[in-house]
Amino acid sequence: MIKLIDRWNQSHSRIPNNKSESNYAVEREKLFPRNSHVLDLGGGSGTDAVYFAKHGHTVTVADISDVGLTRAKEKAKNEGVELSTAQVELGQQPLPFPPNFFDIVFSRLAIHYFQPKETTEILKNIYEVLKPSGITYIVVKSPDDKEEMDFLLATANQISENVFEDNGEIKSRYTKEQLSEFIKNAGIENFEVKEYVEDLSGRVDSVKSGNSRFILNEIILRK
Ligand SMILES: C[S@@+](CC[C@H](N)C(=O)[O-])C[C@H]1O[C@@H](n2cnc3c(N)ncnc32)[C@H](O)[C@@H]1O
């Protein structure tokens, strides 16, 4: 079975250099306080992170993939901005940052690879590194995306409620109710979980399913 890190390294080596920043990043960056300290968790090869840095924020990308992080650094250098990187395996270790460190924790499509217990622990870890008055903007895939769910049901094994095993990799598609339960179990009281539909049209990178939009669940945690 191919190791998780190798799988993601292969994936990042295929990403085009001119991949566009996500619409989610563009929309949510408008809500960041100016000159924020931002963590992009599972930020891969840094497209959204570089977009944030170009808008004046101090940004760290954390990801399992060293290939992704190296590409993120190169991209930042080419664009004339600074970026910090940290290699981390979510679900296996706490975040390598002090408590109360970031104004914003942003994470797009990166914390939906875990079982309920690990997801709860990851949410707890995210909350710990958030500064008082900090906020998260996190999106994960939703079971309400019928096309994505049909694809998963046809190609992966369901191992528990909304958790799938796809060639050795876990993929979760939790409902808003499940996510809310995990957040409460992490001891977090001030939060919202709501649907977010991301328009994918006009993007440089292709989406495997060929869909023109993602139906996602957004997790906002406030400290
Ligand atoms: C679907 S990609 C999303 C990348 C980027 N956030 C975006 O929106 O384009 C998932 C990201 O999560 C990272 N990732 C997957 N599993 C991880 C883990 N256990 N720990 C840390 N990062 C992980 C991958 O390397 C990849 O960069």
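Residues numbered from 1 in each chain as written. Predicted model: local features only at pLDDT ≥ 70, side-chain atom pairs only at ≥ 80, totals over all residues. Heavy atoms only, no water.

Peer 1: Please clarify how the environment of leucine 41 should be interpreted in this entry.
Peer 2: With respect to the secondary-structure elements, leucine 41 resides in strand E1 (residues 37-41). A C-alpha to C-alpha distance of 20 Å links leucine 41 and lysine 176, two positions 135 residues apart in sequence. (Helix = DSSP H or I, 4+ residues; strand = E, 2+ residues; numbered from the N terminus.)

Peer 1: Please explain the sheet that holds strand E6 (residues 157-160) as it appears in this structure.
Peer 2: In a beta sheet, neighbouring strands pair by backbone hydrogen bonds and run either parallel or antiparallel. Taken in spatial order, the three strands line up as E6-E7-E8 in an open sheet, and their pairing is antiparallel. This sheet does not close on itself; its edge strands, each paired only once, are E6 and strand E8 (169-172). Strand-to-strand twist in this sheet, taken as the mean axis angle between neighbours without regard to direction, amounts to 35°. On the sheet, helix H6 (residues 146-155) packs against E6, strand E7 (163-166) and E8 and is oriented at approximately 55° with respect to E7. (Pairing = 2+ DSSP bridges. Axes fitted to C-alpha atoms, helices over the stretch in contact; angles between N-to-C directions. Contact = heavy atoms within 4.5 Å.)

Peer 1: Looking at this structure, I do not really get the sheet that holds strand E5 (residues 130-141). What am I missing?
Peer 2: Reading across the sheet, the seven strands line up as E3-E2-E1-E4-E5-E10-E9 and stay open at both edges, with mixed pairing between neighbours. Edge positions in the open sheet fall to strand E3 (84-87) and strand E9 (191-199), since each of these has one partner strand only. Recorded for the sheet is a direction-independent mean angle of 20° between the axes of neighbouring strands. For E1 and strand E2 (residues 58-63), the ladder comprises five bridges, and the chain directions are parallel. Counterpart to histidine 37 in the pairing with E2 is threonine 58.

Peer 1: I keep staring at the site of the ligand and nothing clicks. Help me out?
Peer 2: Contacts to the ligand come from 18 residues, most closely from His12, Lys19, Asp63, Leu90 and Arg108. Here an oxygen atom of the ligand and a backbone polar atom of glycine 44 are 3.5 Å apart. Here the ligand loses 91% of its free accessible area of 590 Å² to cover by the protein chains. Per-element accounting of the shell around the ligand gives the leading share, three residues, to helix H1 (residues 4-13). Each residue belonging to the shell around the ligand can be placed in one class, and the counts come to nine nonpolar, five polar and four charged. (Near = heavy atom within 4 Å. Polar contact = N/O pair within 3.5 Å; in protein donor to acceptor, adjacent residues only side chain to side chain. Areas by Shrake-Rupley, 256 points an atom, 1.4 Å probe, with all protein chains shown as cover. Nonpolar A, V, L, I, M, F, W, Y, C, P; charged D, E, K, R; others polar.)

Peer 1: Looking at this model, I keep getting lost on the environment of arginine 173. Mind explaining?
Peer 2: Looking at the element boundaries, arginine 173 is found in the loop between E8 and helix H7 (176-185). Exposure remark for arginine 173: the relative accessible area of 5% places this residue in the buried category. What arginine 173 contacts, discounting residues up to four positions off in sequence, is His112, Lys141, Ser142, Pro143, Glu148, Met149, Leu152, Asn162 and Phe164. (Buried < 20%, exposed > 50% of the residue type's maximum accessible area, 1.4 Å probe, protein only.)

Peer 1: Would you take a moment to explain the nonpolar core for this structure?
Peer 2: Proteins that are soluble and globular tend to have nonpolar side chains buried together. Ranked by size, the top nonpolar core spans 32 residues in total, and within it Leu39, Leu41, Leu95, Phe97, Val105, Ile183 and Leu221 carry the most contacts. Taken together, the elements giving at least two residues each to this core come down to E1, strand E4 (102-108), helix H5 (116-129), E5, H7, E9 and strand E10 (213-221). A total of five residues in this core trace back to one element, the largest contributor, which is H5. Ignoring anything within four residues of it in the chain, the contact list for valine 105 reads Leu39, Leu41, Ile126, Val129, Leu130, Ile135, Thr136, Tyr137 and Ile138. If you look at the next biggest cluster of nonpolar residues, it comprises 27 residues, including Phe106, Ile135, Phe214 and Leu216. (Core = buried A, V, L, I, M, F, W, Y, C linked by side-chain atoms within 4.5 Å.)

Peer 1: Looking at this model, I keep getting lost on the layout of surface pockets. Mind explaining?
Peer 2: Taking a probe equal in size to a water molecule and rolling it over the atoms shows the remaining empty space. The space that makes up the second largest pocket amounts to roughly 150 Å³. Taken together, the residues of the lining of the second largest pocket sort by class into two nonpolar, four polar and five charged. (1 Å grid on protein atoms, 1.4 Å probe; cavity = no way out; pocket = protein on both sides within 12 Å on 5 of 7 lines; lining within 4 Å. Points joined across faces, edges and corners; volume = space filled by probe spheres on them.)

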